[in-house]
Amino acid sequence: MNIKEKIKEYAAKIDIDLIGFTKAENFTDLEEILRERESRDFLSGFEEKNMEKRINPYLTLEEAETIIVIGISYYVDAKDVEYIKNAEIYGNISRSSWGRDYHSVLKEKMKNLSAYIERETKNFRFKYFVDTGPLVDRYLAYKAGIGWYGKNNCIISKDYGSWIFISYIICNLKLEIDDIERTSCQSCNKCIKGCPTGALMENYQYNSKLCISYLTQTKEDIDYRLREKMGNSLYGCDICQLVCPYNLYVKSGQRDFIPHRDSHNPHLLELLKLSNREFKKKFGHTALGWRGNKIIKRNALIALGNSRRKEVVKDLKEYLDNPSIMIKKYTAWAIIRLDKKRGKEILDDHLKKEEEREVIKEIKKLYKFYL
Ligand code: SF4
């Protein structure tokens, strides 16, 4: 058995669902795509800032020869979910943040796999990355034959659909590389039509800044019209994956990603009450924990504003007195969005005591926009 076969066999043993190998080289074709996305202001800002590092693996590992790409499925079968509430008063967390934080799951696998290769070879030099690496992981997965690009900009695998996490090892081993996957997107355009904010476009174009997943993570102020399209999204968004025909019949993924109790579908009003310590206890082990209590609460306020449940206005009033200016502003938005008449009475009343100029300005802006 050659070393590549041995690596594949070991990867399967440690529950790595997909593995592929691609040559480390200057990805000049990718540069063109990224430059265009940059010029159209379509990048999210969460990516590696140095464009050269995104396309040139030698800047990360001088002696790079091969990139080993792995895919881990996070698809959870409905029968494994304790319960899912669909009422608007519950927030929605995307599947990629269900169960254990995928960063730690994937890091364990990468550590294990690279330690195995180190034992089996001489002078193995490598660097592995999970999520925050300099290269474009979806592009590498495509090059390594893990799957093909969908118009939803996800990598779709034959067995697991697009419910896969990707990570990679840049290394100095010369290994036989894999062919790209020849299957392609069906171009049914269900993802483009289904995206509430119009983030997906023809020709595989994608504006990250309009993506609901990005909006739930950004610290930037969110445009009112975009907030209205976020529905009850608390963290991430699965719409473009849920509508994709390739995701209809897929194998279930790792049990690590099965959510416990309501951690995937929390009650929004209860979430607003969490202290930092309680937030950490509830979400610290999940992939949304890093984003912090305040941003998730902001998202909960957006979800409540979109819930059409006028009766929650009375529960929201107290958050106008929150020490955070951001929470005050989003509370005002949620109140006016839920009930214009009662909302104006509450905010008029609040203006009599509000001292923060930013909050006063926001309430006036909301009146102009919504009334
Ligand atoms: Fe392609 Fe249709 Fe899936 Fe979009 S929903 S990625 S167009 S197959």
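So, here is what we can say about the structure in this document. (Residues numbered from 1 in each chain as written. Predicted model: local features only at pLDDT ≥ 70, side-chain atom pairs only at ≥ 80, totals over all residues. Heavy atoms only, no water.)

**As for the nonpolar core**
Threshold: The set of buried Ala, Val, Leu, Ile, Met, Phe, Trp, Tyr and Cys residues whose side-chain atoms join them within 4.5 Å is what this entry labels a nonpolar core. Here the term buried applies to any residue with accessible area under 20% of the maximum for its type, exposed to any over 50%, and partly exposed to those in between, with areas from a 1.4 Å probe on protein chains only. The secondary structure listing takes helices from DSSP runs of H or I that are at least 4 residues long and strands from runs of E that are at least 2 residues long, numbered from the N terminus. We call two residues contacting when some pair of their heavy atoms lies within 4.5 Å.
Ile68, Leu113 and Leu316 are the most contacted members of the largest nonpolar core, which totals 89 residues. At eight residues, the largest contribution of residues to this core is made by helix α14 (residues 325-338). With sequence-adjacent residues up to four places away left out, Leu316 is seen in contact with Leu269, Leu272, Leu301, Leu304, Thr331, Ala334, Ile335 and Leu338. Ranked by size, the runner-up nonpolar core spans 25 residues in total, among them Ala24, Leu135, Tyr168 and Ile170.

**Some points on the pattern of salt bridges**
Formally: Every case where a carboxyl oxygen of Asp or Glu lies within 4 Å of a side-chain nitrogen of Lys or Arg is listed as a salt bridge.
Scanning all chains against the criterion turns up 26 salt bridges. The partner of Glu52 in a salt bridge is Arg35, and the shortest N-O contact between them spans 3.8 Å. In this pair, Glu52 is assigned in helix α3 (residues 51-55) and Arg35 in helix α2 (residues 28-39), connecting sequence segments 17 residues apart. Under the relative-accessibility criterion, Glu52 is labelled partly exposed at 37%. A salt bridge links Glu345 to Lys341; its shortest N-O distance comes to 4.0 Å. In this pair, Glu345 and Lys341 are both assigned in helix α15 (residues 340-351), four residues apart and thus about one turn of the helix distant. For Lys341, a relative accessible area of 65% corresponds to the exposed category. Taken together, the salt bridges that share partners define one network made up of Glu31, Arg35, Glu38 and Glu52.

**Some remarks on the site of the ligand**
In plain terms, the rule: Each residue is tested against the molecule or strand, and it is near if at least one of its non-hydrogen atoms lies within 4 Å. The way it works is a 1 Å grid over only the protein atoms, where trapped points that fit a 1.4 Å probe form a cavity and open points with protein on both sides within 12 Å along at least five of seven lines form a pocket, and then any residue with an atom within 4 Å of a point lines it. Think of it this way: a molecule belongs to a cavity or pocket when more than half its atoms come within 2 Å of the grid points there.
Around the ligand, 13 residues are found, and the nearest of them are Cys185, Cys188, Asn189, Cys191 and Cys244. Because more than half of its atoms lie within 2 Å of the grid, the ligand is assigned to the largest cavity.

**Observations regarding α15**
As a reminder, the rule being used: Expected helix span is computed as 1.5 Å times (number of residues minus one). The directions considered for the arc run from the helix axis to the C-beta atoms.
Here α15 spans 16 Å end to end across 12 residues, near enough to the 16 Å set by a 1.5 Å rise per residue. Every buried residue of α15 is accounted for by Gly343, Ile346, Leu347 and His350. Within α15, the buried residues cover an arc of 95° as seen down the axis, which keeps them to one side. Contact partners of the buried residues in α15: α13 (313-316), α14 and α16 (357-370).

**With respect to the packing of aromatic side chains**
Under the convention used in this document: Working definition: rings of Phe, Tyr and Trp (its six-membered ring) pair if their centres are within 6.5 Å, and the pair is stacked with planes under 30 degrees apart, edge-to-face with planes over 60 apart, and tilted otherwise.
All chains considered together, the criterion is met by 17 aromatic pairs. Here the aromatic rings of Phe129 and Tyr168 are separated by 5.6 Å at their centres, their planes lie at 40°, and the arrangement is tilted. Taken as a pair, Phe129 in strand β4 (residues 126-130) and Tyr168 in strand β7 (residues 164-171) lie far apart in primary sequence, 39 residues in all. Here Phe129 matches Tyr168 in class, with each residue buried. What links up through ring pairs into an aromatic cluster is the set Tyr74, Tyr75, Tyr102, Trp163, Phe165 and Phe257.

**Regarding a negative patch on the surface**
How we decide: Think of a patch as exposed residues, more than 30% relative accessible area, with no salt bridge, where like charges cluster within 9 Å and nonpolar side chains (Val, Leu, Ile, Met, Phe, Trp, Tyr) cluster within 5 Å. Here, Shrake-Rupley sampling with a 1.4 Å probe gives the accessible areas, and only protein chains in the shown set may cover a residue. Charge assignment: positive for Lys and Arg, negative for Asp and Glu; neither His nor the chain ends contribute. Just so you know, the charge point we use is NZ for Lys, CZ for Arg, CG for Asp and CD for Glu.
Residues Glu5, Glu9, Glu176 and Asp179 make up a contiguous surface patch of negative charge. As for its placement among the helices and strands, Glu5 is situated in helix α1 (residues 3-13). Judged by relative accessible area, Glu5 falls into the partly exposed class, the value being 42%.

**A closer look at the pairing of β7**
On any regular strand, side chains alternate: one points to one face of the sheet, the next to the other face. Stated precisely, the cut-off is as follows: Following DSSP output, two strands are said to pair if at least two bridges run between them.
Of all eight residues that make up β7, eight are buried, and the element is covered over most of its length. Neither face of β7 is exposed, since Ile164, Ile166, Tyr168 and Ile170 on one face and Phe165, Ser167, Ile169 and Cys171 on the opposite face are all buried. With eight bridges connecting them, strand β2 (residues 66-73) and β7 associate as antiparallel partners. When the sheet's bridge partners are listed, Ser73 is paired in β7 with Ile164. Summarising the sheet, β4 and β7 pair through five bridges and their orientation is antiparallel. Looking at the pairing, Lys127 lines up with Ile170 of β7.

**Details of unusual backbone geometry**
Generally, phi is negative for residues other than glycine and the peptide bonds are trans, each holding for most cases. The backbone of Asp131 sits at a positive phi, close to 75°, despite the residue not being glycine. Turning to its location among the elements, Asp131 is positioned in the loop between β4 and α5 (137-143). By relative accessible area, which is 40% here, Asp131 ends up partly exposed. Its identity as a non-glycine residue notwithstanding, Arg308 has a phi of 60°, on the positive side. Among the structural elements, Arg308 can be located in the loop between α12 (293-305) and α13.

**Focus on the packing of α15 against α16**
Rules: Whenever a helix is involved, its axis is fitted only over the stretch in contact; in every case the axis is a line through C-alpha atoms, and angles between N-to-C directions fall within 0 to 180 degrees. These descriptions rest on fixed angle ranges, namely under 35 degrees for roughly parallel, over 145 for roughly antiparallel, 65 to 115 for roughly perpendicular, and the rest for oblique. Crossings are assigned a handedness: left-handed for a near helix turned anticlockwise from the far helix by less than a right angle, right-handed for a clockwise turn. Each residue is assigned to one class: nonpolar for Ala, Val, Leu, Ile, Met, Phe, Trp, Tyr, Cys and Pro, charged for Asp, Glu, Lys and Arg, and polar for all the others, Gly among them.
Closest axis-to-axis distance for the α15/α16 pair is 11 Å, and the angle between their directions is 155°. Regarding the angle of α15 to α16, the classification is roughly antiparallel. Note that α15 runs across α16; the crossing there is left-handed. Residues Lys340, Lys344, Leu347, Asp348, His350 and Leu351 of α15 touch α16, and the partners they reach there are Ile360, Ile363, Tyr367 and Tyr370. The class makeup of the residues in the contact of α15 with α16 is six nonpolar, one polar and three charged.

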